[in-house]
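In case you want the letters, here they are:
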Amino acid sequence: MLFSIDHGNSAIKTPNFVFASGLADYPVKPPVETDVLEFEGHFWTLSGQRIAYMRDKTKDDRYFVLTLFAIAKELQKAGVTQSVVETDLAVGLPPEHYELRRRFAEYFQRGRVSFVFNGVPICLVIGDVMVYPQAYAAVVPQAQILRETPRTFVIDVGGFTTDVLLLRAAKLDLQFCRSLGMGVIPMSNDIIGRVSALHDIKIDDDHIVDVIQGRPTILPEDVRQTVLGAVQHYAANILDKLRELQVDLRATPAIFVGGGSVLFKKFIEDSPLVVKAEFIQDVKANAVGYELLGRTQQRRATAKAGDGCAEG
C-alpha cells in the first residue's frame, strides 16, 4: 500500500483526513473510547494544541506518531483488517527545506513498526519513503494545463511560512525557491493578543476563522472588525514581502495553495498587486499530489525492474 501524508505545522493531511498537528501522551490508557494509539509504551491521543514549530521535524518521535495516526485512519477508512501491512510512504518538505529530504526519509524508514490503534494491533512494514517538494505536489494534477504557461508562481501559505516556487512550463525551477516566515499561526497569535488588549476578550484560532469566513459568531462587531482589519493588513504584508523577493504578481500568474491561502483569498483577490491568481482550496492538495507522484514513481520502478528481467 501507499500512504501519502502532508506534515503541516498546523495540520496533518492525507487524501481523506485533516487533523491538528497536536498530541497528548499518557503513561496509562486515557478514559476515551476512540482515536487512542499505543506505541512504545505510551498512549497517545490527538490534541488541538499544536506542536511548537520545528524546522526539522525529525528531532523527536511526535511527527512519526502523527504519521501512525494518519495511516491508521486511512486503514480504517479502507476497511483493511490484516494486522501486517506492507507500505510505502509519499511525503514532502517545503522547497527551501528540501535539502533535509534524506534525513526526513530516514526518519520514517524504521522497518517493522508495531502499534495499537483503538484496540486493534497493527504491524507496518515500511519500505520506500519518497519525499517531494511541497506546493509543487499540490499543482501536479494541473500539469497538462501548466505546460502551456511559460512562468507560474506557486505560493503556499501555511502555518508558519509562506513558500514560493517557480514553474517554467510546469517544470520546477529549484534555483528559484523563496520562503517567508509569515504564516497563519503567527498572524493568529498577533490577532489574539490584539483583541485581548483592545477589547478584553479571549478568542482563539477558531474564532478568527469564523470571522474571516463569515460564519455565525456572537463576537461583538468591533471585535470582528479588529480581526478583519488585522487579516487584511497581514495579507497585504505578505504580498509586499513577496515583491521584495522578486515575486511580482502583476507580471506572472500565480496559483495559491495551502490553508492560509483559503483564508486570505478575498484579500488577495482584491489586491492591486495581484493580476491573475488561481486558488486550490482543497487543503489536502499536497497529500493528493504526493500520492500521484508516488504512484508514478512506483510504476516506473516496476517497469524498470521488468525491463531488467527481460534483458536478463
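Residues numbered from 1 in each chain as written. Predicted model: local features only at pLDDT ≥ 70, side-chain atom pairs only at ≥ 80, totals over all residues. Heavy atoms only, no water.

Visitor: Hey, could you run me through the pattern of salt bridges in this one?
Guide: Side-chain pairing between opposite charges can occur once the charged atoms of the two side chains come close. Taken as a whole, this structure holds 15 salt bridges when the rule is applied. Across the pair Arg-194 and Asp-190 runs a salt bridge whose closest N-O atoms are separated by 3.1 Å. With Arg-194 and Asp-190 both in helix H4 (residues 184-199) and 4 residues apart, the pair spans about one turn of that helix. Note on Asp-190: relative accessible area 39%, which makes it partly exposed. In this structure, Lys-265 engages Glu-269 in a salt bridge whose closest nitrogen and oxygen atoms are separated by 2.8 Å. Taken together, the residues span about one helical turn, with Lys-265 and Glu-269 both in helix H7 (residues 259-269) at a distance of 4 residues. On the accessibility criterion, Glu-269 (43% relative accessible area) is partly exposed. (Salt bridge = Lys/Arg side-chain N within 4 Å of Asp/Glu carboxyl O. Helix = DSSP H or I, 4+ residues; strand = E, 2+ residues; numbered from the N terminus. Buried < 20%, exposed > 50% of the residue type's maximum accessible area, 1.4 Å probe, protein only.)

Visitor: Explain the sheet that holds strand E7 (residues 42-46) here, please?
Guide: Backbone hydrogen bonds are what pair the strands of a sheet, in a parallel or an antiparallel way. The 7 strands are arranged E1-E8-E10-E9-E6-E7-E5 in an open sheet whose pairing can be described as mixed. Since the sheet does not close on itself, it has two edges, and those belong to strand E1 (2-4) and strand E5 (23-26), each with one partner. On average, each strand axis in the sheet is tilted by 35° relative to the strand beside it, whichever way the strands run. Here strand E8 (residues 84-93) runs beside strand E10 (residues 120-133); their pairing, made up of 9 bridges, is parallel. Bridge pairing in E10 places Val-91 opposite Val-131. (Pairing = 2+ DSSP bridges. Axes fitted to C-alpha atoms, helices over the stretch in contact; angles between N-to-C directions.)

Visitor: What am I meant to see in the sheet that holds strand E14 (residues 254-257) here?
Guide: Sheet architecture is open: 5 strands sit in the order E13-E12-E11-E14-E15, paired in mixed fashion. Only two strands of the sheet have a single neighbouring strand rather than two, namely strand E13 (171-180) and strand E15 (277-279). On average, each strand axis in the sheet is tilted by 20° relative to the strand beside it, whichever way the strands run. Two strands pair when backbone bridges link them, and strand E12 (residues 162-168) and E13 are joined in this way by 7 bridges, in the antiparallel orientation. Note that in E13 the partner of Leu-167 across the bridge is Leu-172. In the packing of helix H6 (residues 221-244) onto the sheet, contacts are made with strand E11 (152-157), E12, E13 and E14, and the angle to E13 comes to roughly 125°. Packing of H7 onto the sheet brings it into contact with E11, E14 and E15, and relative to E11 it is tilted by some 120°. (Contact = heavy atoms within 4.5 Å.)

Visitor: How should unusual backbone geometry be read in this particular structure?
Guide: Only a minority of non-glycine residues have a phi that is not negative, and only a minority of peptide bonds are not trans. Unlike most non-glycine residues, Glu-40 shows phi in positive territory, near 50°. Take Glu-40: it is sitting in the loop between strand E6 (36-39) and E7. Although it is not a glycine, Gln-246 sits at a positive phi angle of roughly 70°. Summarising the element assignment, Gln-246 is placed in the loop between H6 and E14.

Visitor: Explain the packing of aromatic side chains to me, please; I cannot follow it from the model alone.
Guide: Remark: the centre distance and the inter-plane angle together describe each pair of aromatic rings, the angle taken between the planes. Under the definition given, this model contains 10 aromatic pairs. Where Phe-69 meets Phe-117, the ring centres are 6.0 Å apart and the plane angle is 90°; that geometry is what we call edge-to-face. With Phe-69 in helix H1 (residues 62-78) and Phe-117 in strand E9 (residues 112-117), this pair connects stretches of sequence that are 48 residues apart. Given a relative accessible area of 0%, Phe-69 falls into the buried group. Among the aromatic side chains, those forming a connected cluster through ring pairs are Phe-39, Phe-64, Phe-104, Tyr-107 and Phe-108. Between the NZ or CZ atom of Arg-110 and the centre of the ring of Phe-64, over which it lies, the distance is 3.8 Å. When the ring centre of Phe-267 is taken as origin, the NZ or CZ atom of Lys-266, which lies over that ring, is 5.7 Å away. (Phe/Tyr/Trp six-rings, centres within 6.5 Å; stacked < 30°, edge-to-face > 60°. Lys NZ or Arg CZ within 6 Å of the ring centre and 35° of its normal.)

Visitor: What exactly am I supposed to notice about the side chain of Gln-134 here?
Guide: Inspection of the secondary structure puts Gln-134 in the loop between E10 and helix H3 (143-146). Only 3.2 Å separates the side chain of Gln-134 from the side chain of Asp-156, close enough to count as a polar contact. If we ignore the near neighbours within four places in the chain, the residues touching Gln-134 are Asp-6, Leu-93, Pro-94, Pro-95, Asp-156, Asp-163, Leu-165, Asn-286 and Tyr-290. (Polar contact = N/O pair within 3.5 Å; in protein donor to acceptor, adjacent residues only side chain to side chain.)

Visitor: What's the story with the environment of Gly-260 in this structure? I'm lost.
Guide: For Gly-260, the position within the fold is in helix H7. Separated by 93 residues in sequence, Gly-260 and Leu-167 have C-alpha atoms that sit 21 Å apart. The residues contacting Gly-260, other than those within four sequence positions of it, are Val-157 and Val-184.

Visitor: Sorry, what's going on with the side chain of Thr-14 here?
Guide: Here Thr-14 is to be found in the loop between strand E3 (11-13) and strand E4 (18-20). When its relative accessible area of 0% is taken as the criterion, Thr-14 is described as buried. Filtering out sequence-adjacent residues up to four positions away, Thr-14 remains in contact with Ser-4, Ile-5, Ala-70, Glu-74, Lys-284 and Ala-287.

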